[in-house]
Amino acid sequence: DRCRTSGKSYAWFDQDSTVLQKRRLSIMSELRQGLKNGEVNFAYQPKVNLLSGQVEVVEALVRWNSTTHGFIPPDEFIPIAERTGDIRHLTDWGLETAIRQASDWHNQGLEIAVALNLSANDLTNHRLPDQVMGLLNRYQLPIRLLKLEVTESAVMHDMDRALAVLNRLHDLGLFLSIDDYGTGYSSLSYLKQLPMDELKIDKAFVLKLASNMEDQILVRSTIELAHNLGLTVTAEGVEDAQSVELLRQYGCDMVQGYHICRPVSAADLETFVRNQKENAPA
Ligand code: C2E
Ligand code: MG
Ligand code: MG
Ligand code: MG
């Protein structure tokens, strides 16, 4: 009896994992086509400078509305694309799209830098720095208007090659952020070796900041640590006004989160930035 029950549930589980596997396979095979067909877009989420109240940077967050699967969140398809190597196509598309968008804004007199997320695979690509420089040149974009975000785990994936690529990018003048800080194998000795300009505190420590004393201690000491290492700090996942106030008290440089603005289309972002400028204190 016991056997039959577990046999049944096993069969059910197995079927379920086959469905998942099929979905994975089909996602894999469709990403390249989706990129070509214009199914993939960026949503842009502002980072607001707490001193000036201005949007100086927006993070580009990929959105895939697949004709076959509907909306597929990046947390689902990016890990798949990383495993298959298809992430290369997303990065090629992302670099050009981010740079073209920042260049459009620059030409309209809107000085908004675009921050692009890179994956582990990108950091093992020694041609990436030349690719970035080639695109900046093609779109005549000042280097300060492109920023790159990398996670600790992406760096650790192949530390030596990642360091070579990151050092080259940094030497060329690119602004680099360490993303999702605090969720990985954060070690101070690694942090010290990385050529970083900014540290982004992961939303896991920020979402409940206003009510969680432990998060308050961690966030406050991380900001102090980052500043002592010469890094600026962005807190992501800021969902309420009280958290903004706390972060201001802690000396945090930039905030990003639903309380300020959700990730939105380029057009909505422009409206948000223009309104922000009008309402900013003189
Ligand atoms: P991330 O770079 O750490 O981005 C922050 C994530 O937190 C985004 O999720 C954003 O929508 C979400 N978020 C922002 N503010 C809030 C908030 O106040 N509350 C909550 N609950 N969430 C907030 P998203 O867009 O689903 O992206 C997930 C991850 O996918 C990103 O994490 C990044 O690692 C990756 N990703 C996104 N776009 C790209 C891309 O173009 N290339 C690569 N390689 N990775 C990307
Ligand atoms: Mg990011
Ligand atoms: Mg992040
Ligand atoms: Mg994150």
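Residues numbered from 1 in each chain as written. Chains lettered and ligands numbered in written order. Predicted model: local features only at pLDDT ≥ 70, side-chain atom pairs only at ≥ 80, totals over all residues. Heavy atoms only, no water.

As annotated in an unreviewed UniProt entry, the protein chain carries the name EAL domain-containing protein and is attributed to Motiliproteus coralliicola.

Chemist: Would you mind showing me how to read the coordination of the magnesium ion (ligand 2) here?
Modeler: Coordination angles at a metal have ideal targets, namely 109.5 degrees for four tetrahedral donors and 90 or 180 degrees for six octahedral donors. Bound to the magnesium ion (ligand 2) are the protein donor atoms E59 (OE), N117 (OD1), E149 (OE) and D179 (OD), situated 2.1 to 2.2 Å from the metal. Counting gaps between the donor residues of the magnesium ion (ligand 2) yields the pattern E-x57-N-x31-E-x29-D. The metal-metal distance between the magnesium ion (ligand 2) and the magnesium ion (ligand 3) is 3.6 Å, with D179 coordinating both. Within this pair, whereas E59 is found in strand β2 (residues 55-66), its partner D179 is found in strand β6 (residues 175-181), the two being separated by 120 residues in sequence. Across this residue pair, the class does not change: E59 and D179 are buried. (Donors = N, O, S within 2.8 Å, 3.2 Å for Na, K, Ca; no water. Helix = DSSP H or I, 4+ residues; strand = E, 2+ residues; numbered from the N terminus. Buried < 20%, exposed > 50% of the residue type's maximum accessible area, 1.4 Å probe, protein only.)

Chemist: So what exactly am I meant to see when it comes to the nonpolar core here?
Modeler: A general tendency of soluble globular proteins is for nonpolar side chains to be buried together. In terms of nonpolar packing, the biggest core is built from 86 residues, with Y44, W105, L169 and L247 touching the most fellow members. Element by element, the count of residues in this core is highest for helix α3 (residues 87-107), at eight residues. Contact partners of W105, with chain neighbours within four places excluded, come to Y44, V58, L110, I112, V114, A266, L269 and E270. (Core = buried A, V, L, I, M, F, W, Y, C linked by side-chain atoms within 4.5 Å. Contact = heavy atoms within 4.5 Å.)

Chemist: I'm lost on the pattern of salt bridges in this one. Help?
Modeler: Working definition: two side chains of opposite charge can pair if their charged atoms are close together. Per the stated rule, a full pass over the model turns up ten salt bridges. Here E149 makes a salt bridge to K47, at a shortest N to O gap of 3.8 Å. Placement of E149 in strand β5 (residues 146-151) and of K47 in strand β1 (residues 40-49) is noted, with a sequence separation of 102 residues between them. The exposure class of E149 is buried, given its relative accessible area of 1%. Overall, K47 belongs to the buried group, its relative accessible area being 1%. For K200, the salt bridge goes to E59, with nearest N and O atoms at 2.9 Å. Here K200, found in strand β7 (residues 198-201), pairs with E59, found in strand β2; they are 141 residues apart in sequence, far enough to count as distant. (Salt bridge = Lys/Arg side-chain N within 4 Å of Asp/Glu carboxyl O.)

Chemist: How should the site of ligand 1 be read in this particular structure?
Modeler: Close contacts around ligand 1 come from 23 residues, with R63, D179, D180, E239 and Y258 the closest. A distance of 2.9 Å is found between an oxygen atom of ligand 1 and a side-chain nitrogen or oxygen belonging to D180. The contact in question runs from an oxygen atom of ligand 1 to an N or O atom on the side chain of E236, over 3.2 Å. Starting from 810 Å² of accessible surface for ligand 1 in isolation, the protein chains cover 87%. (Near = heavy atom within 4 Å. Polar contact = N/O pair within 3.5 Å; in protein donor to acceptor, adjacent residues only side chain to side chain. Areas by Shrake-Rupley, 256 points an atom, 1.4 Å probe, with all protein chains shown as cover.)

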